[in-house]
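Given next are the chains, with one letter for each unit.
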Amino acid sequence: MDWTEKYRPTTLAEVRGNDKARDALEEWAETWDDHREAVVLHGSPGVGKTSAAHALASDKGWPTIELNASDARTKDVIERVAGEAARSGTLSQGGSGRRLVIMDEADNIHGNADRGGTRAVTSLVKEADQPVILIANDFYEMSKGLRNACREIEFREVSTRSIVPVLRDICRKEDIEFEDDALQQIAEMNSGDLRGAIKDLQALTEGRDSIAAEDVITGKRDTTQGIFEYLDVVIKEGDAETALKSSYDVDETPDDLINWIADNVPKDFEGTELARAYDALARADQWLGRVRATQNYSFWKYAGDNMTAGVAAARGGQKGGWTRYGPPSYWSKLGRTKGTRKTRDYIARQIATRNGTSISTARREIMPFLATMTHHCKNRELTIAMAAAYDLDASHVSFITGSGEDTNKVQSIVEDAQQLRDDETAEASGDAFASRSDTDAAEDVSDDRPDETDGQQSIAADSADQRTESERDGETDNDDQQTEGDADDGQTGLSDFM
Amino acid sequence: MSEAESESRAGREEVWIEKYRPQTLSEVAGHEGIIERLQSYVDRNDLSHMLFSGPAGTGKTTSAMAIARELYGEDWQDNFLELNASDQRGIDVVRDRVKSFARTSFGGYEYRIIFLDEADALTSEAQSALRRTMEQFSNNVRFILSCNYSSQIIDPIQSRCAVFRFSPLSDEAIEEQIHRIAEAEGIEVTDDGVDALVYVAGGDMRKAINGLQAASVTGNVVDEDAVFEITSTARPEEITAMVEQALDGDFTAARSELDRLLTDQGIAGGDVLDQIHRSVWEFDVGDEAAVRILDRVGEADYRITEGANERIQLEALLASLALEE
């Protein structure tokens, strides 16, 4: 039997590696009667989102109604489910009469196949009189309306530290002897994907009753050549033909392989050699572009020819010595900035919509000025007005101002902006009730103090670099260091993009 | 003699790639590491979802069927659903066919197998639909997906599967199989015939066996000539000769050789390109020139795919070779 199913947690307490998210989910369920919001669980594959949702249902004794992408999710189907959920609420069963609606792959409702689905989900979320959990890999693939209608809980990649004990438990239950190093390696191989780690453990222990560190290494090496040995062949020793033939055994797609090679070639090549090698890489890249444009994967072989045989041929003779090759540095940078680029693009889109400019104009001509004017939220009124006008949340305000997202300062600005928006709506509708924002604003001013001492923009850029360093050393856990009102707040600032 | 004669004639009424498809995992050629792991899954009757990736004719479908045969014996066809994604692609196939197969009741077995061939042809929407279905029915169904390029399969599915990479088969594995079949069918294959079949196959067992069967129909002895003729393949030495004429600057001679290949032998332009690409290390040129030829071959291939005239592109390729060095 599939161990990922066999050992799926049955209660929330057993959900591993995402304690914060787990607690937030539990809190959401406990207080659901008060807030009646839907929640969206998002994060990479294999980190336990679906498991957590089902474990919660079983903890609370709530029957579930499931709706996933393998069901057609047209407007009709969703409305039927919503109706069912609402009806069963009145037939008080099991005391509370609650039903938990779980919708998997909420980032994946497609225009054509699921006609009207997106809007129907949004209205389901708003109107279902039952707790709703949406599950998504990519929060920002969901429509904005849907995002705004939900509470958000992020599931992070599961750390090696949390994966190993899970593997250990399974080994004990399956009566498998193990070396800790072996489990450690499996966990590392799967960087953050708990499900993948369990799959690998099952595959590697298939038909045996023990697992040692060597087993893990040989399990990987049988079929594929190590990338570092391969780089040695291309960059140091092999002739063109050998370089090409040994690339067949490397378990990387050409899109990744070209980055491995391009990043490491300059460590050993220089002058004309380097120019010729880059010429070959550029041609390889052109082929990759053609593959993307035509979706004709048979062209991959020409990309491979150029990046392997081409680079090897550019070298005159063999090279000696040992070079420290590393993974493409642009990867870690990309990983670091991916979320940030999404934030930037969201803000630019909001500004563009409101001001009637193009998104790129908003990014080039408007955002830099906003950033200067609201730097570290010093001009509080303006920052609030900006957040209200462009409908920005804390992460967006943090991005523009450079102040930490979790600081009281930013949080209070977002609250006041919300208040301001509500007031404006109330005024616009000619309603003279509700108006109390003035006092709120005054109370919050004191939070600004610690920040005003620094104010140097360059620090933000430095801190971003330092962060890359520490990520390389394997410390990705920035949570603990979140400090309030500190310029070194680990945010990648707007300045990185201008 | 007469007995062998009638036997082989009988054999010709069957397609050999089906007739000689391995029935058990241990008969599957090459891939010892993969087969060992699959065998242990089967021995423990404990399958996970699997993804087989690799080029055509390397044993993906054969391995999947062998697993089913070992698990279910005679009933294997009732418990093994093969879907070809490139025929029936789209979100509906996953939802309807897979679901109905997964749901129907069946006797005696803990789970059934769905083999989804060419899974990389599924749209990413269909793949997303598939991923949850895989978990939902994992109590009673195991999926085996096959694809040419595993990077075409979305991450969430890869994360749910044990991935097996089938590489092109070794020349020895193909040679062995040719000898085995030739013996069973009572046909004579010359040594150069075997070499030719291995060359034509290029790691693809299906091509080798089809070539053998086709060549055996035309005569009693399968030799080099029969193989190259029946498979519309130029001899490696013809390709080398043509390219070397071009490299020496004798474009006229090279072009008339090309003409002979395309017109008299009826070889497709794409196949000529493919053969130049494969033979490049045989040519008498340095490494840099070899790489430039590979790239130039790609250029011709690309232009032909985009609709250019293959004769002109091939001639331009030959003419450009004279410029090298």
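Small disclaimer: the values here were computed from a predicted structure and weren't measured.

Calculation criteria
- Residues numbered from 1 in each chain as written.
- Chains lettered and ligands numbered in written order.
- Predicted model: local features only at pLDDT ≥ 70, side-chain atom pairs only at ≥ 80, totals over all residues.
- Heavy atoms only, no water.
- Helix = DSSP H or I, 4+ residues; strand = E, 2+ residues; numbered from the N terminus.
- Buried < 20%, exposed > 50% of the residue type's maximum accessible area, 1.4 Å probe, protein only.
- Areas by Shrake-Rupley, 256 points an atom, 1.4 Å probe, with all protein chains shown as cover.
- Phe/Tyr/Trp six-rings, centres within 6.5 Å; stacked < 30°, edge-to-face > 60°.
- Contact = heavy atoms within 4.5 Å.
- Buried area = accessible area lost by both parts, 1.4 Å probe.
- Salt bridge = Lys/Arg side-chain N within 4 Å of Asp/Glu carboxyl O.
- Polar contact = N/O pair within 3.5 Å; in protein donor to acceptor, adjacent residues only side chain to side chain.
- Pairing = 2+ DSSP bridges.
- Axes fitted to C-alpha atoms, helices over the stretch in contact; angles between N-to-C directions.
- UniProt positions renumbered as here; feature names shortened; annotations may be inferred.
- Expected span 1.5 Å × (residues − 1).
- Arc of directions from axis to C-beta.
- Left-handed = near helix turned anticlockwise from the far one by under 90°.
- Nonpolar A, V, L, I, M, F, W, Y, C, P; charged D, E, K, R; others polar.
- Core = buried A, V, L, I, M, F, W, Y, C linked by side-chain atoms within 4.5 Å.
- Patch = residues over 30% accessible without salt bridge, like charges linked within 9 Å, V, L, I, M, F, W, Y side chains within 5 Å.
- Lys, Arg positive; Asp, Glu negative; His and termini not counted.
- Charge placed at Lys NZ, Arg CZ, Asp CG, Glu CD.

Participant: Which parts of the structure should I look at to understand the overall build of chain A?
Facilitator: Within chain A, the regular secondary structure consists of 23 helices and 7 strands. Residues classed as buried in chain A amount to 48% of the 498 residues present. Of the roughly 24,000 Å² of accessible surface on chain A, a fraction of 46% belongs to carbon and sulfur atoms.

Participant: In this structure, what is going on with the overall build of chain B? I would like to understand it.
Facilitator: Of the regular secondary structure elements, chain B holds 16 helices and 7 strands. The buried share of chain B, taken over its 325 residues, is 54%. By element, 43% of the accessible surface of chain B is carried by carbon and sulfur atoms, the whole surface being about 14,200 Å².

Participant: Honestly, the packing of aromatic side chains in this entry has me stumped. Any pointers?
Facilitator: Each aromatic ring pair is described using two quantities: the centre-to-centre distance and the angle formed by the ring planes. Throughout the structure, instances matching the rule amount to 14 aromatic pairs over all chains. Ring centres of Trp287 of chain A and Tyr302 of chain B lie 6.1 Å apart, and the angle between their planes is 90°; this geometry places the pair in the edge-to-face category. Of this pair, Trp287 of chain A sits in helix α15 (residues 271–294) while Tyr302 of chain B is found in helix α15 (residues 287–305), placing the two residues in two different chains. The pair Trp287 of chain A / Tyr302 of chain B is uniform in exposure class, with both members buried. Centre to centre, the rings of Phe52 of chain B and Phe164 of chain B are 5.8 Å apart; their planes meet at 90°, and the pair counts as edge-to-face. Here the residue Phe52 of chain B occupies a position in strand β1 (residues 50–53), and Phe164 of chain B occupies one in strand β5 (residues 162–165), the gap between them amounting to 112 residues. The same class applies to Phe52 of chain B and to Phe164 of chain B, which are both buried.

Participant: Explain the interface of chain B and chain A here, please?
Facilitator: It is common to give the size of an interface as the accessible area lost on bringing the parts into contact. Listed as interface residues are 43 residues of chain B and, on the opposing side, 57 residues of chain A. Note on chain B versus chain A: buried area summed over both sides is about 4,400 Å², and carbon and sulfur give 48% of it. On the surface where chain B and chain A come into contact, there are 3 salt bridges. The shortest N-O distance in the salt bridge between Lys301 of chain A and Asp274 of chain B comes to 3.9 Å. Linking chain B with chain A are 9 residue pairs in polar contact (both at pLDDT 80 or more). Among the elements that line the side of chain B that touches chain A, the one with the most residues is α15 of chain B, at 11 residues.

Participant: How should the sheet that holds strand β3 (residues 100–103) of chain A be read in this particular structure?
Facilitator: Within a beta sheet, neighbouring strands are joined by backbone hydrogen bonds and run either parallel or antiparallel to one another. All names here are of chain A. With parallel pairing, the 5 strands of this open sheet are ordered in space as β2-β3-β4-β1-β5. At either end of the open sheet lies a strand with only one pairing partner, and these are β2 (64–67) and β5 (150–154). Here the average twist between neighbouring strands, direction ignored, is 20°. Looking at chain direction, strand β1 (residues 38–42) and strand β4 (residues 132–136) are connected through 4 bridges and run parallel. The residue of β4 that forms the bridge with Val39 is Ile133. Its contacts with the sheet place helix α2 (residues 19–30) against β1, β3, β4 and β5, and it is angled at close to 155° to β5.

Participant: Just to check I follow, could you spell out the UniProt feature "binding site: ATP" (unreviewed entry) in chain B for this structure?
Facilitator: Residues and elements named next belong to chain B. Sequence positions flagged by UniProt for "binding site: ATP" (unreviewed entry) are, in local numbering, Gly54, Pro55, Ala56, Gly57, Thr58, Gly59, Lys60 and Thr61. Tracing the backbone shows Thr58 in the loop between β1 and α4 (60–72). By relative accessible area, which is 2% here, Thr58 ends up buried. Beyond its immediate stretch of four places on either side in the chain, Thr58 contacts His31, Phe166, Ser167, Pro168, Leu169 and Gly203.

Participant: Explain unusual backbone geometry here, please?
Facilitator: Positive phi is not limited to glycine here, since Cys377 of chain A has a value of about 60°. For Cys377 of chain A, the position within the fold is in the loop between α18 (359–373) and α19 (380–390).

Participant: Sorry if this is basic, but what is going on with the UniProt feature "binding site: ATP" (unreviewed entry) in chain A here?
Facilitator: Residue and element names in this part refer to chain A. Here, the residues flagged by UniProt with the feature "binding site: ATP" (unreviewed entry) are Gly43, Ser44, Pro45, Gly46, Val47, Gly48, Lys49 and Thr50. Position of Gly46 relative to the elements: it lies in the loop between β1 and α4 (49–60). Given the relative accessible area of 10%, Gly46 is considered buried. Ignoring anything within four residues of it in the chain, the contact list for Gly46 reads Gly192, Asp193, Leu194 and Arg195. On the secondary structure map, Gly48 appears in the loop between β1 and α4.

Participant: Even after reading the chapter, I still don't get helix α13 (residues 251–264) of chain B, so can you show me in this structure?
Facilitator: Two residues of an α-helix separated by three or four positions point the same way, owing to the 3.6 residues in each turn. All names here are of chain B. Look at α13: 19 Å from first C-alpha to last across 14 residues, which is about the 20 Å you get at 1.5 Å a residue. Of all the positions in α13, only Ala254, Glu257, Leu258, Leu261 and Leu262 are classed as buried. Buried residues of α13, viewed axially, fall in a sector of 130°; they line one side. The exposed residues of α13 that point more than 90 degrees off its buried face are Thr252 and Asp264. Residues of α13 that are buried make contact with α12 (236–247), α14 (269–279) and α16 (310–321).

Participant: Hey, could you run me through the packing of helix α8 (residues 171–185) of chain B against helix α10 (residues 205–218) of chain B in this one?
Facilitator: Two quantities define a packed helix pair, namely the angle between the helix axes and the distance between the axes. Residue and element names in this part refer to chain B. The N-to-C vectors of α8 and α10 enclose an angle of 35°; their axes lie 10 Å apart at closest approach. By crossing handedness, the relation of α8 to α10 is classed as right-handed. Note on element contacts: α10 touches α8 through Met205, Ala208, Ile209 and Leu212, opposite Ala173, Ile174, Gln177, Ile178, Ile181 and Ala182. Here the residues of the contact of α8 with α10 sort into 9 nonpolar, 1 polar and no charged.

Participant: Would you explain the nonpolar core in this entry?
Facilitator: Burial of nonpolar side chains together is a common tendency in soluble globular proteins. By size, the foremost hydrophobic cluster in this structure holds 65 residues, and its most contacted members are Ile261 and Met307 of chain A together with Val272, Ile276 and Ile293 of chain B. If we ignore the near neighbours within four places in the chain, the residues touching Met307 of chain A are Val234, Pro254, Leu257, Ile258, Ile261, Leu281, Ala284 and Leu288 of chain A. In terms of nonpolar packing, the next biggest core, distinct from the first, is built from 42 residues, Trp62, Ile135, Ile153 and Leu167 of chain A among them.

Participant: Explanation requested: the pattern of salt bridges in the structure shown.
Facilitator: Between side chains of opposite charge, pairing is possible as soon as their charged atoms come close. Residues and elements named next belong to chain A. Here the structure, examined in full by the defined rule, presents 32 salt bridges over all chains. For the salt bridge of Arg22 with Asp19, the shortest nitrogen-to-oxygen distance reads 3.8 Å. Taken together, the residues Arg22 and Asp19, both in helix α2 and 3 residues apart, mark about one turn of the helix. In this structure, Asp268 and Lys236 form a salt bridge, with 3.2 Å as the shortest nitrogen-oxygen distance. A residue pair is termed long-range when its members are at least 10 positions apart, and Asp268 in the loop between α14 (254–264) and α15 and Lys236 in helix α12 (residues 227–237) qualify at 32 residues.

Participant: So what exactly am I meant to see when it comes to the pairing of strand β2 (residues 80–84) of chain B here?
Facilitator: The side chains of a regular strand alternate, first on one face of the sheet and then on the other. Residues and elements named next belong to chain B. By the criterion of burial, β2 is predominantly enclosed, with 4 of the 5 residues buried. Sheet topology places β2 next to strand β3 (residues 112–117); 5 bridges connect them, and they run parallel. Within the sheet, the bridge partner assigned to Glu82 lies in β3 and is Phe115.

Participant: Would you mind showing me how to read the environment of Leu261 of chain B here?
Facilitator: All names here are of chain B. Note on placement: Leu261 falls in helix α13. Remark: the alpha-carbon pair of Leu261 and Glu238, spanning 23 residues in sequence, is separated by 8.8 Å. Excluding residues within four positions of it along the chain, Leu261 makes contact with Ala234, Glu238, Ile239, Met242, Gly266 and Ile267.

Participant: Help me out: how do you make sense of a negative patch on the surface in this one?
Facilitator: All names here are of chain B. There is a patch of like negative charges on the surface, built from Asp171, Glu172, Glu175, Glu176, Asp191, Asp192 and Asp195. Of all the secondary-structure elements, those providing two or more residues to the negative patch are α8 and α9 (191–201). Among the elements that line the negative patch, the one with the most residues is α8, at 4 residues. Since its relative accessible area comes to 36%, Asp192 is described here as partly exposed.

Participant: Got a minute to help me understand the environment of Gly304 of chain A in this structure?
Facilitator: Residue and element names in this part refer to chain A. Take Gly304: it is sitting in helix α16 (residues 300–314). By relative accessible area, which is 16% here, Gly304 ends up buried. As a C-alpha pair, Gly304 and Asp285 span 19 residues in sequence and 9.6 Å in three-dimensional space. Contact partners of Gly304, with chain neighbours within four places excluded, come to Leu244 and Ala309.

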